[in-house]
Amino acid sequence: MAAFELRDIEFRSDGSKDSLTSSMSPELFHAALKREIAAAKRDERELAILTIALSPQTFSSLSQFQEELVNLAFALEQGLRGGDFFARISDRGFWALLRTSASNGQLVVDRLDLPRHDSLTTKIVARKYDEYSDWIERVDQLFFTE
């Protein structure tokens, strides 16, 4: 069991950036996601969302947990391709928009070296033909029901 509560984790933004990780704010992520869906429809491109959730119970202190969030944000910033983007969506993790299929999304997970981290869970949710709200509902159900 974690030695801290999830509510103790810093999760604030100034409307554009997360105060802890300097990643895009959730509001900007969702606005960019809507634009990306429209462009993907026009270009007949596939999209996927990669969710990355840290397990608080695997950390002995709040500072270790927050440090890992910062490290993950750095890895995403350095490892995602141009056009892909991410945001810290909750106190314990990130969503990344990938301009690829779900199967190719697994290659992104491997390239970011995420499988070696026992403290996190990753999931990839393809858009298929979903509209924004249906897709987000599917992603929410997977991300927030762990």
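A few points on the structure. Keep in mind that this is a model prediction, so the values were computed, not measured. (Residues numbered from 1 in each chain as written. Predicted model: local features only at pLDDT ≥ 70, side-chain atom pairs only at ≥ 80, totals over all residues. Heavy atoms only, no water.)

Right, let's talk about the overall build of the chain for a bit. When you go through the chain residue by residue, the secondary structure sums to four helices and four strands. Order of helices (α) and strands (β) in the chain, N terminus to C terminus: α-β-α-β-β-α-β-α. Taken over the C-alpha trace, the chain has a radius of gyration of 15 Å; the compact-globule value for 146 residues is 15 Å, and the two agree within 12%. Projected onto the principal axes, the alpha-carbon positions of the chain cover approximately 50 × 30 × 30 Å. By residue count, 48% of the 146 residues in the chain fall in the buried class. Here the analysis covers contacts within the chain between residues at least 6 apart in sequence; of these, 69% occur between residues at least 24 apart. (Helix = DSSP H or I, 4+ residues; strand = E, 2+ residues; numbered from the N terminus. Rg over C-alpha atoms; globule rule 2.2 N^0.38 Å. Buried < 20%, exposed > 50% of the residue type's maximum accessible area, 1.4 Å probe, protein only. Contact = heavy atoms within 4.5 Å.)

In this section: helix H1 (residues 26–43). Over its 18 residues, H1 extends 25 Å from the first C-alpha to the last, a length consistent with the 26 Å expected when each residue adds 1.5 Å. The complete set of buried residues in H1 reads Pro26, Phe29, His30, Ala32, Leu33, Glu36, Ile37, Ala39 and Ala40. Check the buried side of H1 and you find it contacts strand S1 (48–54), strand S2 (85–90), strand S3 (93–98) and helix H4 (132–144). Following H1 by one or two positions, Glu44 adopts a phi angle in the positive range, close to 55 degrees. (Expected span 1.5 Å × (residues − 1).)

Summed over the entire model, instances satisfying the criterion amount to six aromatic pairs. Geometrically, the ring pair formed by Trp95 and Phe143 is edge-to-face, given 5.9 Å between the ring centres and 90 degrees between the ring planes. Of this pair, Trp95 sits in strand S3 while Phe143 sits in helix H4, and the two are 48 residues apart along the sequence. Overall, Trp95 belongs to the buried group, its relative accessible area being 0%. Put simply, the rings of Phe29, Phe85, Trp95, Phe143 and Phe144 pair up and form one aromatic cluster. Taking NZ or CZ as reference, Lys34 lies 4.7 Å from the ring centre of Tyr132, over its face. Arg92 extends its terminal NZ or CZ atom over the ring of Phe143, reaching a point 5.4 Å from the ring centre. (Phe/Tyr/Trp six-rings, centres within 6.5 Å; stacked < 30°, edge-to-face > 60°. Lys NZ or Arg CZ within 6 Å of the ring centre and 35° of its normal.)

Moving on to the pairing of S3. Counting buried positions along S3 gives six out of six residues, so the element sits mostly inside the fold. Residues of S3 alternate between two faces, with Gly93, Trp95 and Leu97 on one and Phe94, Ala96 and Leu98 on the opposite face, all of them buried. Sheet topology places S1 next to S3; six bridges connect them, and they run antiparallel. Directly across from Ile49, in S3, lies its bridge partner Leu97. Strand direction decides the pairing type here: S2 and S3, joined by five bridges, are antiparallel. Across the sheet, the residue bridging to Phe86 is Ala96, located in S3. (Pairing = 2+ DSSP bridges.)

With that settled, the discussion passes to the sheet that holds S1. The sheet built from four strands is open, its strands ordered S2-S3-S1-S4 with antiparallel pairing. Edge positions in the open sheet fall to S2 and strand S4 (120–126), since each of these has one partner strand only. The average undirected angle you get between the axes of adjacent strands in this sheet is 20 degrees. With respect to the sheet, H1 is in contact with S1, S2 and S3, its orientation differing from that of S2 by roughly 135 degrees. (Axes fitted to C-alpha atoms, helices over the stretch in contact; angles between N-to-C directions.)

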